[in-house]
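Structure assessment
Now for the letters of each chain:
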Amino acid sequence: MDNRAEVREFLMSRRARVTPDAAGIAAGPGRRVAGLRRGEVAILAGVSVEYYAKLERGAIAGASASVLDAIARALQLDDAERSHLLDLARAADGIPTSGRPRRRGGRAAAARPSLQWALASITDGIAFVRDPRQNLLATNELGRAFYSPVIGDGGRVPNLARFQFLDPAAREFYPDWDRFAEMCVGVMRAEAGRDPHDPAMQELVGELSTRSETFRRLWAAHDVRTHGAGTKRFHHPVVGELTLAYEELALTAEPGHVMLIYTAEPGSPSAERLRLLASWAATHPRPDETAAGVGQLAIEGA
């Protein structure tokens, strides 16, 4: 994932999306492009056409924050897209994003029991930790039961993106599969912008691009998003339909890792089904946690 190519394709895709009407520009007769021209973006941003063309060729290193803000306004970027543009610029300048150190291989550090204790203390909701590459690193008891279709019987560390795009069971587990696919790729695309030199992310993107036409198409769209909070629907093989609210919490001790907590509205049918799932988890044998890589968090060395 070359950074210059990422910058070029992102800016071109955002420019093509903004119509002259949306930008307050008279389109005029004989126009052959639906989006904005480079010169129009340059005028809206208050920079020269030559300079904007240089940026769109991927030469974003050294661009000032004020220029990037002006480009973001001209292209009508939302908050996630603006952050992505800044991340691409930081990566081009060789600056780690948000204090996240460069990764130097796959050395695993000692697990932190305190984080697993924190997960285990959440008993009425689903709690889990994932890394920037969508690896499911640790869960609480209810989370293991909830994500049993993803965890399976062990083997490699469970990966939410591989499950989404490569496992037929995902289409039943996620009733809104298309929406989940877009969200998954948007989050991954944002993470790739923060660290375009991450070999594990490159390997995952290459694998999914080769094996999934849908992933390949969504990745090429260059859409980005943050997770944050919201509501999702699931269909669990044990308890059926679940509508759950989620909150995403950054783990400051492990930059790039997040904890997500899914809860149901009190008194709702989904809350009752979560209780049933907890009862099932208490009696159902778990997969081998050591083989599955879930239940104990191993953090990659910086």
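Attention in this report is confined to the structure presented alongside it. (Residues numbered from 1 in each chain as written. Predicted model: local features only at pLDDT ≥ 70, side-chain atom pairs only at ≥ 80, totals over all residues. Heavy atoms only, no water.)

A look at the overall build of the protein
Rules: Per the convention used, a helix needs a DSSP run of H or I reaching at least four residues, while a strand needs a run of E reaching at least two, with both numbered from the N terminus. Exposure is judged per residue with a 1.4 Å probe applied to protein chains only, and the accessible area is read against the type maximum: over 50% gives exposed, under 20% gives buried, and values in between give partly exposed. Only the protein chains shown count as covering a residue, and every accessible area follows the Shrake-Rupley method with a 1.4 Å probe.
Of regular secondary structure, the protein possesses 16 helices and 5 strands. Relative to its 302 residues, the protein shows a buried fraction of 49%. Counting only carbon and sulfur atoms, one obtains 53% of the accessible surface of the protein, whose full area is about 14,300 Å².

Here's the deal with the side chain of Glu207
Let me state the cut-off plainly: In what follows, residue pairs with any heavy atoms lying within 4.5 Å of each other are defined as contacts.
Relative to the helices and strands, Glu207 resides in helix α13 (residues 199–211). The buried category is assigned to Glu207, whose relative accessible area is 16%. Once residues lying within four places of it in the same chain are set aside, the contact partners of Glu207 are Arg156, Arg162 and Leu166.

Notes on the pattern of salt bridges
Definition in use: We count a salt bridge whenever a side-chain nitrogen from Lys or Arg sits within 4 Å of a carboxyl oxygen from Asp or Glu.
If you walk through the whole model with that rule in mind, you get 21 salt bridges. In this structure, Glu40 and Arg31 form a salt bridge, with 2.5 Å as the shortest nitrogen-oxygen distance. Across the pair, exposure class does not vary: Glu40 and Arg31 are buried alike. In this structure, Glu56 and Arg38 form a salt bridge, with 2.8 Å as the shortest nitrogen-oxygen distance. On the criterion of sequence distance, the pair formed by Glu56 in helix α4 (residues 49–56) and Arg38 in helix α3 (residues 38–45) is long-range, its members being 18 residues apart. One continuous salt-bridge network, built from bridges that share partners, spans Arg14, Arg17, Glu81 and Asp223.

Some points on the side chain of Ser209
In this fold, Ser209 is placed in helix α13. Overall, the relative accessible area of 17% leaves Ser209 in the buried class. Sequence-distant contacts of Ser209, that is, excluding residues within four places in its chain, are made with Phe215 and Arg216.

Some details on the packing of helix α5 (residues 65–74) against helix α6 (residues 79–93)
What counts here: Every angle, taken between N-to-C directions, lies between 0 and 180 degrees, and every axis is a line fitted to C-alpha atoms, over only the stretch in contact when it is a helix. Two helices that cross are described as forming a left-handed crossing if the nearer one is turned anticlockwise from the farther one by less than a right angle, and a right-handed crossing if clockwise. Under the scheme applied, nonpolar residues are Ala, Val, Leu, Ile, Met, Phe, Trp, Tyr, Cys and Pro; charged residues are Asp, Glu, Lys and Arg; polar residues are all the others, including Gly.
α6 packs onto α5 with a crossing angle of 145° between their chain directions and a minimal axis gap of 10 Å. For the element pair α5 and α6, the recorded crossing hand is right-handed. Here Leu68, Asp69, Ile71 and Ala72 of α5 lie close against α6, whose contacting residues are Arg82, Leu85, Leu86 and Ala89. Residues that form the contact of α5 with α6 fall into these classes: 6 nonpolar, no polar and 2 charged.

Structural notes on the packing of aromatic side chains
Going by this rule: In summary, the pairing rule links any two rings of Phe, Tyr or Trp, Trp by its six-membered ring, whose centres are within 6.5 Å, and it sorts them by plane angle into stacked for under 30 degrees, edge-to-face for over 60 and tilted for everything else.
Considering all chains together, one arrives at 19 aromatic pairs under this definition. Between Phe128 and Tyr262, the aromatic rings sit 5.8 Å apart at their centres with planes inclined by 15°, giving stacked as the arrangement. Residue Phe128 is located in strand β1 (residues 126–130), and its partner Tyr262 is located in strand β5 (residues 258–263); the two are separated by 134 residues in the primary sequence. Judged by its relative accessible area of 2%, Tyr262 is buried. Ring geometry for Phe173 against Phe234: centres 5.7 Å apart, planes inclined by 50°, an arrangement best described as tilted.

Side note on the sheet that holds strand β4 (residues 240–250)
What counts here: The pairing criterion for strands is at least two bridges between them, as found by DSSP.
Pairing is antiparallel in the open sheet, where 5 strands are placed in the order β2-β1-β5-β4-β3. Across the chains shown, the open sheet's two edge strands, defined by having one partner strand only, are β2 (136–139) and β3 (229–236). Each neighbouring strand pair of the sheet contributes to a mean axis angle of 30°, computed without reference to strand direction. Inspection of the sheet shows β4 paired to β5 by 6 bridges, in the antiparallel sense. In the strand pairing of β5, Leu249 is matched with Met259.

Quick word on the nonpolar core
Worth spelling out the cut-off: For the purposes of this section, nonpolar cores are sets of buried Ala, Val, Leu, Ile, Met, Phe, Trp, Tyr and Cys residues that join through side-chain atoms within 4.5 Å.
Ranked by internal contacts, the top residues of the largest apolar core, which has 44 residues, are Tyr147, Tyr174 and Met188. Looking at this core element by element, the count peaks at 8 residues for helix α12 (residues 177–194). Not counting chain neighbours up to four residues away, the residues in contact with Tyr147 comprise Phe128, Leu136, Leu160, Phe173, Tyr174 and Tyr262. Residues Ala42, Leu68, Ala74 and Leu88 belong to the second largest nonpolar core, which totals 27 residues.

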